[in-house]
Protein chains: 2
Amino acid sequence: MWHCQAVTARILASSGAPVRQSSVRAHNLALVLRTVANSGNPVSRAATATATGLTRATVSALVDDLIAGGLLSETEPAPRTGAGRPAAGLTLAAGGPAALGLEINVDYLAACVVDLRGTVRHRVVEHADQRPAGAATALAGLARLARDVLAATAPLPVAGAALAVPGLVSANGLVRVAPNLGWHDVDAAALLRDELGLPVTVDNEANLAALSELRAAGTPDFVYVSGEIGIGAGIVLGGALYRGVRGWSGEIGHIPVHPDGPPCRCGARGCLEQYAGQEAILRAAGVRALDQLNPAAAPALDAAGSALGVALAGVVNLLDLDTVVLGGAYGPLLPWLRAGIETELRRRVLTADLAPITLRAAALGSDAAMRGAADSVLRAVQADPAGYLARVPV
Amino acid sequence: MWHCQAVTARILASSGAPVRQSSVRAHNLALVLRTVANSGNPVSRAATATATGLTRATVSALVDDLIAGGLLSETEPAPRTGAGRPAAGLTLAAGGPAALGLEINVDYLAACVVDLRGTVRHRVVEHADQRPAGAATALAGLARLARDVLAATAPLPVAGAALAVPGLVSANGLVRVAPNLGWHDVDAAALLRDELGLPVTVDNEANLAALSELRAAGTPDFVYVSGEIGIGAGIVLGGALYRGVRGWSGEIGHIPVHPDGPPCRCGARGCLEQYAGQEAILRAAGVRALDQLNPAAAPALDAAGSALGVALAGVVNLLDLDTVVLGGAYGPLLPWLRAGIETELRRRVLTADLAPITLRAAALGSDAAMRGAADSVLRAVQADPAGYLARVPV
């Protein structure tokens, strides 16, 4: 009904719930931090007070706490020649709490450290088939990679880690099923927490990649399709990730394309993955690597594009989305996939004549899921700086 | 952040926007009306004040306006033997503003009047193929039906009308495309408005039916599938209709089931409608009417169920919904469709082993779209009683 900015105890009390002063402070710390983060340029304490609706004295006390906790830094202003005292500028601290972004996919492990300002400080990707050795070995390998990137960025403090996996993840972080990894009920969060001594959350890789795309590109409604050996989707509606009733949305790889087609690892037949998953394309092309310079792969990529187009036509008919973002391995292959996809969309989307559908490659390329994982940690710090400050000695 | 109940000018002012006393009154009129509507039983002025957080004096002034405008009525309390003065009870007025619910589908026209309490006062359904004569004739026929039900319920005041159509409707009420009716860019709202002298809104029939199902059954997340000659869907997520970017979501009838299958009226091939639309089932069964007592139709219904199951497996894999509601002609046919649908869902939904999917018939049967249309008018009155009162002489 109306958007609030600053919260005072008086207004919080209008909800009828009891109000603690600490919850007012927590809310306003987050408000100040978000205001500085969103300003782009260094912003003065006075401007922060104006933007938040808080008094200058309140803002200054909150800013002092955020500086002491390492979340904000205050730059000296450049000398001004005109009249008036130039203001010092607040920014997110470059040395503030960073995030460890992790990804396990079928044929690679990846880790990166992203600082509070969103800059990638270090990243490592290690290509190897993760299926034969099983979950424990894959997670141990990932922990080793994580320690390497943490060592490379020391002494930068790290607020926590998040892991992207190609599978169904429960709200408590348990990986229920990752069909292409062969995982069932793997408590990846607990294993990594023990190895790294950091809080760890786990989410589906396409969901995290879609969130990073939302942050990078800002389009409020789109389906993000992550093409690896498996195919997943992240659905963003009205600027927010749509997770589904149990958090298991986006299994676009198992949309039936030809219901009587070849058997899929999931137990069904003719799923999209059997036509447009990386291994399916390689089988069809008779080549060892998907490389846009390998002309032998072109007909196989065209067929994969058609299968993607059939599945996406169903998605667009159902959800009336106007933007499809292709990520993972699909990003660089888009020039070879585009004609097949667009032909089917034009043919099969009921509204294709009425409104265009934009098809584009993911802004962050194949790092999207790992970056989305790191982003989720940074967003949690920004949403609750009081919680972060309570955990670290000031 | 917090839920407000009553609004005072002081709190509205915290938004920074200028506040007019009239907007406070409009908000609080709606709040009082909603409180009475949701109470189920007659509710006293004092209880309404407690529930809304408004003062008794304010509530009484608002209630007097709502009674004068014909929206509320106040019953005399039954004599009490104990101490204290028993309170009079407020209810929605049975003679208050009613709604005209209208539906045009491929093979029938329907109209009903639903009173402010949600009781259907009169309904008429007229079966006839609406395709040959075109939009103007169909709308003229519907206007005649509408005048009949209005005459049958006179002198009940009618706040407005809403029309359900099997097609893509723009935000301004223009029917862009209704493939199975052969309509393109039909301004149904304007034509009916002129004929009836009432405000008229237009929406997709599956959307309106899904909203009536939401009201009747209360499940917050489901896909409603309306099976007529065409097949549409209404997608309800988190208790609200998901409309899509342009308002054209739910075209489940054009999800590809067998991409190389028979041609569809939409121009594509192998759409769900070609396997599970009413005419497709009749063709396959070699019978003239879909009747659960006609044993010749059973294999055709089983095949239709399988096609529905294939399409719905894609929907559930994508959206992670746990409830599918079958409406329109599908409701009474569900016993013959169920096995085919459930077999495919079990085989093709990646999470089928982890969580059950409920498949059930629509609560309101084949009236769902027409009732949903009437509901939309009543909801608009309840959301803005001040707007209604301003239009009618008190």
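Residues numbered from 1 in each chain as written. Chains lettered and ligands numbered in written order. Predicted model: local features only at pLDDT ≥ 70, side-chain atom pairs only at ≥ 80, totals over all residues.

### Let's talk about the overall build of chain A
In step 1: If you tally the helices and strands in chain A, you get 13 helices and 15 strands.
In step 2: Its C-alpha radius of gyration of 23 Å places chain A within 12% of the 21 Å reference for a compact globule of 394 residues.
In step 3: Along the first, second and third principal axes, the C-alpha set of chain A runs to 70 × 50 × 50 Å.
In step 4: Expressed as a percentage of the 394 residues in chain A, the buried residues total 50%.
In step 5: Contacts in chain A between residues far apart in sequence, at least 24 positions, make up 63% of those at least 6 positions apart. (Helix = DSSP H or I, 4+ residues; strand = E, 2+ residues; numbered from the N terminus. Rg over C-alpha atoms; globule rule 2.2 N^0.38 Å. Buried ≥ 20, exposed ≤ 12 C-beta atoms within 10 Å, placed from the backbone. Contact = placed C-beta atoms within 7 Å.)

### Things to note about the interface of chain B and chain A
In step 1: In this complex, chain B contributes 44 residues to the contact, which on the side of chain A involves 44 residues.
In step 2: Listed by contribution, the elements that provide at least two residues to the side of chain B that touches chain A are helix H1 (9-13), helix H10 (298-319) and helix H11 (330-348) of chain B.
In step 3: In terms of residue class, the side of chain B that touches chain A is built from 25 nonpolar, 11 polar and eight charged. (Nonpolar A, V, L, I, M, F, W, Y, C, P; charged D, E, K, R; others polar.)

### Notes on the sheet that holds strand S7 (residues 168-169) of chain B
Residue and element names in this part refer to chain B.
In step 1: Judged by pairing direction, the sheet is antiparallel, and its three strands sit side by side in the order S7-S8-S9 without closing on themselves. Looking at which strands have only one partner, the edges of the open sheet turn out to be S7 and strand S9 (183-186).
In step 2: Where S7 lies against strand S8 (residues 175-178), two bridges are found, and the strand directions are antiparallel. Across the sheet, residue Val-169 finds its bridge partner in S8, namely Val-175. (Pairing = 2+ DSSP bridges.)

### A word on the nonpolar core
In step 1: Judged by nonpolar contacts, the single largest core of 260 residues is most densely connected at Leu-102, Leu-163 and Tyr-224 of chain A together with Leu-102, Leu-163 and Tyr-224 of chain B.
In step 2: Other than its neighbours up to four places away in sequence, Leu-102 of chain A contacts Ala-111, Leu-142, Ala-146, Ala-161, Ala-162, Leu-163, Ala-164, Met-370 and Ala-373 of chain A. (Core = buried A, V, L, I, M, F, W, Y, C linked by C-beta atoms within 7 Å.)

### A short note on the relation of the copies chain B and chain A
In step 1: Superposition record for chain B on chain A: RMSD 0.1 Å, screw rotation 180°, translation along axis 0.0 Å. Put plainly, the chains are arranged around a two-fold axis. Considering only C-alpha atoms, the part of chain B nearest the rotation axis is His-258 of chain B, at 2.9 Å.
In step 2: Same-surface contact between copies: 98% of interface residues of chain B are shared with the interface of chain A. (Least-squares fit on C-alpha atoms with pLDDT ≥ 70 in both.)

### Quick notes on the packing of helix H10 (residues 298-319) of chain A against helix H11 (residues 330-348) of chain A
All names here are of chain A.
In step 1: At a minimum axis separation of 7 Å, H10 and H11 run at an interaxial angle of 40°. By the angle between their axes, H10 is oblique relative to H11. Relative to H11, the crossing made by H10 is right-handed.
In step 2: Here the residues of the contact of H10 with H11 sort into 15 nonpolar, five polar and five charged. (Axes fitted to C-alpha atoms, helices over the stretch in contact; angles between N-to-C directions. Parallel < 35°, antiparallel > 145°, perpendicular 65-115°, else oblique. Left-handed = near helix turned anticlockwise from the far one by under 90°.)

### A few points about the domain arrangement of chain A
Residue and element names in this part refer to chain A.
In step 1: Per the domain assignment, the segments of chain A are domain 1 (9-77 + 86-92), domain 2 (98-208 + 369-391) and domain 3 (215-363).
In step 2: Here the C-alpha centre of domain 2 lies 30 Å away from the C-alpha centre of domain 1.
In step 3: Residue-level contacts link 13 residues of domain 1 with nine residues of domain 2.
In step 4: In terms of residue count, the dominant contributor to the side of domain 1 that touches domain 2 is helix H2 (residues 21-38) (seven residues). (Domains from an automatic or database assignment.)

### Points about the confidence of the model for chain A
All names here are of chain A.
In step 1: Model confidence for chain A is summarised by a mean pLDDT of 91, while 91% of its residues fall at 70 or above.
In step 2: Every residue in residues 1-5 scores below 50 in pLDDT, and together they form nine contacts with partners more than four places removed in sequence or on other chains.
In step 3: Contacts of residues 9-17 to residues separated by more than four positions or lying in other chains number 13 contacts, the stretch itself having pLDDT below 50.
In step 4: Taken over the whole predicted complex, pTM reads 0.89, whereas the ipTM for its chain interfaces reads 0.88. (pLDDT = per-residue confidence, 0-100.)

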